[in-house]
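# A structural walkthrough
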Amino acid sequence: MRGFVAAALSLAPLLQGIAAQTWCGKNYMASQPPVPPGGEFPIPAVSSKSLLALRCAPVIKPYLPEDASSPAGFLIDAPVTFSQIQGAAPIDLPEHGALGELEVTVKVNGRTLAKGPVAVNASKAELPFSLRSLKPQSNAFNVECSATYSAPGSRSKPQTFAASTTLSYLPNPPDGRSVTKMDMRTGALLAKPATGKGGAYETVFPVGFYTNFGGYLDSNISLVDEIKSQGFTVIHPVPTYDNLTALAEMVQRMEEVGIYLMYDMRWTYMNSTAVTEEVNRIKNSPALLLWYTGDEPDGTSDPLNATTNAYDLIYSLDGYHPVSLVLNCENYYWTEYTAGADIVMQDTYMIGINATWSVRFDTPCTPDYGDCGCDNCKGEFEDISNRMDEFAERRFIDGWELSKAMWTVPQGFGADEYWSRIPTGKEFVVQSVLAINHGALGVVSWNAPTTADITASAASLSRSLTVMKDFILNPHATFEHVVANRVDVGLWTVGGRTLVLATNLNYATAHFDLSGLALKSLVARQVFDSGAKLSGHVITLESVGTGGFIVGI
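Just so it is clear, the model here is predicted, and its values are computed rather than measured.

### Let's talk about the layout of surface pockets
Of the volumes computed, that of the largest pocket is approximately 690 Å³. Along its surface, the largest pocket is lined by 29 residues, and Lys124, Arg185, Thr186, Arg395 and Gly439 are the ones closest to its centre. Counting residues per element, the ones that place at least two in the lining of the largest pocket are helix H8 (382-397), strand E23 (405-408), helix H9 (425-437), strand E24 (440-448) and strand E25 (478-484). The class makeup of the residues in the lining of the largest pocket is 13 nonpolar, eight polar and eight charged. Here the second largest pocket defines a volume of roughly 600 Å³. Taken together, 27 residues form the lining of the second largest pocket, with Ser164, Thr165, Thr166, Trp400 and Ser403 sitting closest to its centre. Going through the elements one at a time, strand E2 (55-58), strand E11 (159-167) and helix H6 (306-317) are the ones with two or more residues in the lining of the second largest pocket. Per element, the largest residue contribution to the lining of the second largest pocket is five residues, and it comes from E11.

In structure tokens form, the structure reads like this:
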């Protein structure tokens, strides 16, 4: 949201009491010297012996009384590593043969909720439990997870491991208030229809835009109808919300047409009085999907506890909707800012930049200095996949792989400031699908209104995701990722069918051969087309083309 930040620098100090003199901790003015910004994510030390990092988390956040009639569950991760990641402790493993199992126990207030064997090195093993022994409450339950391990055939004293988490089991919400659950087997959102008129929980793959409120949504309520008719699933209005009457009318219209709201508090999230007023104003809308607090807080060097403070306050006021934020920097206090979110987004704007020289400030860009509009980027699509992969790795190192999801913010703007041009619709899709293949579970672009080409391409992707999400967000799917000659391919298999989602990062025609993959069948149905065709076992992709195919019975 760099363009908006630049336009609103005079507003930000009034609302937040800050004005960034650096970006991502770096000096960027010609009059300033290069100074190492600090804040780099620490690389874990290497251990000389095997370590096990026990992690645990509820399958669903939050649970409600409606869930008590069926088994609930805890997810258990037990990775073996030689890196001193969060919670890792030494484990004596056999030199040969099977590693064996852990005996895992999950307790709340000293009472055992779940117990069972989990394989060493398991990922997202599930231990069922019943909610019937617990009474719903507003505050999360503190959960203690423990494990004992004896190597197969060993007579030595069992080794012990421990972890902790929280369990959200809330009372039923007031009539009319929506609930957005997170299924941490995948990170997917689960919500009922935004109309508030009933219906079952369904997975939601949000696709939409940060959309100007002032001068756009506030003056033309029919835009909500238009956005819904195009096939988008979410609207993220950009504050300030100076006209509260227009805001209320917009939210009401979103409820009427059935499109979800991503509510933005970027200018006020560090003001507890303002946050309290806004959350209480919006929290009862059935259209509310999630909250949004820090907008590039790493760029502006917001206080390191700001996002966590806002997160805790929002949960004390609501608790029925997740909290999100976006990070712009490649590597600046990632853990501290991400701690205050259930969903962390990245906005790697690499189209049309000069990655080594700031066209705005006439200075070089290095890891220690300068601002080129895309932090530590090379100006290629891989900037996005690298950023997603870095976020995923850090999430794992910090022990958050079972509690936080990742979304992406593709670039839908340009021809301004650092960016020499606006992306094409096909480039927009490459940005989005590349991030999806690397773990993104939501696509919310900066910003609307944008070009007709980008709008049409984004709408086509959103409509296709109503089908593709049944693979991407399916907790029973197995995932495979392949990259060949800058064609990035994600494969999600459910039963006898596989979703093949391929995107071409080249500005030339490329081909991807499916014959080397273990697919059960090459009977295919194309579910998304942005310049790709399947003939026999070969996908042909146009320059920056993308295609989605369901292969199998």
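### Some remarks on the environment of Leu541
Relative to the helices and strands, Leu541 is located in strand E30 (residues 538-552). Distance in space between the C-alpha atoms of Leu541 and Ser530 is 8.7 Å, their sequence separation being eleven residues. Excluding its chain neighbours within four sequence positions, the residues that come into contact with Leu541 are Val487, Ala502, Thr503, Asn504, Ala508, Thr509, Ala510, Gly531, Ala532, Thr546 and Gly547.

### A look at the state of the cysteines
Counted according to the given criterion, the structure contains four disulfides. Cys24 shares a disulfide with Cys329; S-S distance 2.1 Å. The S-S bond linking Cys24 to Cys329 shows a torsion near -95 degrees; that makes this disulfide left-handed. In this pair, Cys24 sits in the loop between helix H2 (12-16) and strand E1 (46-53) while Cys329 sits in the loop between strand E19 (323-327) and helix H7 (334-338), placing the two residues 305 residues apart along the sequence. There is no split in this pair, since Cys24 and Cys329 are both buried. Shown here is the disulfide that connects Cys56 with Cys145, its sulfur atoms set 2.1 Å apart. Disulfide Cys56-Cys145: the torsion about the S-S bond is 100 degrees, which places it as right-handed. Of this pair, Cys56 sits in strand E2 while Cys145 is found in strand E10 (residues 141-149), placing the two residues 89 residues apart along the sequence. With respect to burial, Cys56 and Cys145 carry one shared label: buried. Cysteine pairing in the protein chain follows 1-4, 2-3, 5-6, 7-8, where each cysteine in a disulfide is numbered by its order in the sequence.

### Let's talk about the pattern of salt bridges
Here the structure, examined in full by the defined rule, presents 19 salt bridges. A salt bridge links Asp225 to Arg253, with the shortest nitrogen-to-oxygen separation between them at 2.5 Å. Here Asp225 is found in helix H3 (residues 222-230), whereas its partner Arg253 is found in helix H4 (residues 244-257), with 28 residues between them in sequence. Judged by relative accessible area, which is 28%, Asp225 ranks as partly exposed. For Arg253, a relative accessible area of 26% puts it in the partly exposed group. Residues joined by salt bridges that share partners form a network here, namely Glu66, Asp67 and Lys181.

### A few points about the sheet that holds strand E4 (residues 72-77)
Pairing within the open sheet is antiparallel, and its three strands lie in the order E2-E4-E9. Either end of the sheet is taken by a strand with one partner, and the two such strands are E2 and strand E9 (125-129). Across the sheet, the mean angle from the axis of one strand to that of its neighbour is 25 degrees, orientation sign disregarded. Bridge count for E4 against E9 is five bridges, and the pairing is antiparallel. In the sheet register, Phe74 faces E9, and the bridge partner there is Leu127.

### Considering the nonpolar core
Counting residues in hydrophobic clusters, the biggest one holds 156 residues, and the most contacted among them are Met345 and Ile472. Here this core gets eight residues from one element, more than from any other, and that element is helix H10 (residues 452-472). Dropping the residues within four chain positions of it, Met345 is found in contact with Tyr210, Met262, Tyr292, Leu325, Val326, Leu327, Phe391, Trp407, Thr408, Val409 and Val444.

### Section: the pairing of strand E8 (residues 111-119)
Relative to E8, strand E7 (residues 101-108) is paired through eight bridges, and the arrangement is antiparallel. From the neighbouring strand, Thr105 faces E8, where its bridge partner is Lys115. Linking E7 back to E8 in an antiparallel pair, the connection comprises two residues, with Asn109 at a positive phi of about 55 degrees.

### Quick look at empty space enclosed by the protein
Overall, the coordinates contain two cavities of 30 Å³ or more when judged by the stated rule. Roughly 30 Å³ of volume is contained in the second largest cavity. Together, Lys61, Pro62, Thr180, Met182, Tyr315, Gly319, His321 and Pro322 line the second largest cavity. Of the residues in the lining of the second largest cavity, the class split is four nonpolar, three polar and one charged.

Here is what the cut-offs are and how they apply
- The numbers attached to residues start from 1 for each chain and follow its sequence in the written order.
- With the structure being a predicted model, the display of local features is reserved for residues of pLDDT at least 70 and the display and counting of side-chain atom pairs for 80 or more, all residues being used for whole-chain, interface and lining totals.
- Water and hydrogen atoms play no part in the side-chain values, which are based on all heavy atoms of the structure.
- Within this scheme a cavity is a closed region of a 1 Å grid, computed over the protein atoms alone, that accommodates a 1.4 Å probe without allowing it to escape, whereas a pocket is open but has protein on both sides within 12 Å along at least five of seven lines; lining residues each have an atom within 4 Å of a point.
- Grid points are joined across faces, edges and corners, and a volume is the space filled by probe spheres set on the points.
- Segments assigned H or I by DSSP are reported as helices when at least four residues long, segments assigned E as strands when at least two residues long, and all are numbered from the N terminus.
- Only Asp, Glu, Lys and Arg are considered charged in this grouping, and only Ala, Val, Leu, Ile, Met, Phe, Trp, Tyr, Cys and Pro are considered nonpolar; every other residue, Gly among them, is considered polar.
- Between two residues, a contact is recorded if the distance between any of their heavy atoms is within 4.5 Å.
- Only a pair of cysteine sulfur atoms within 2.5 Å counts as a disulfide in this structure description.
- Only protein chains enter the accessibility calculation, which uses a 1.4 Å probe; a residue whose area is less than 20% of its type maximum is buried, one above 50% is exposed, and one in between is partly exposed.
- By definition, a salt bridge exists where a carboxyl oxygen of Asp or Glu is found within 4 Å of a side-chain nitrogen of Lys or Arg.
- Here, any two strands with at least 2 DSSP bridges between them count as paired.
- For helices, the fitted line uses only the C-alpha atoms of the stretch in contact; every axis is such a line through C-alpha atoms, and the angle between N-to-C directions lies from 0 to 180 degrees.
- Among the buried residues, those of types Ala, Val, Leu, Ile, Met, Phe, Trp, Tyr and Cys that are joined through side-chain atoms within 4.5 Å form a nonpolar core.

Scope: geometric values only; no functional claims are made or implied.
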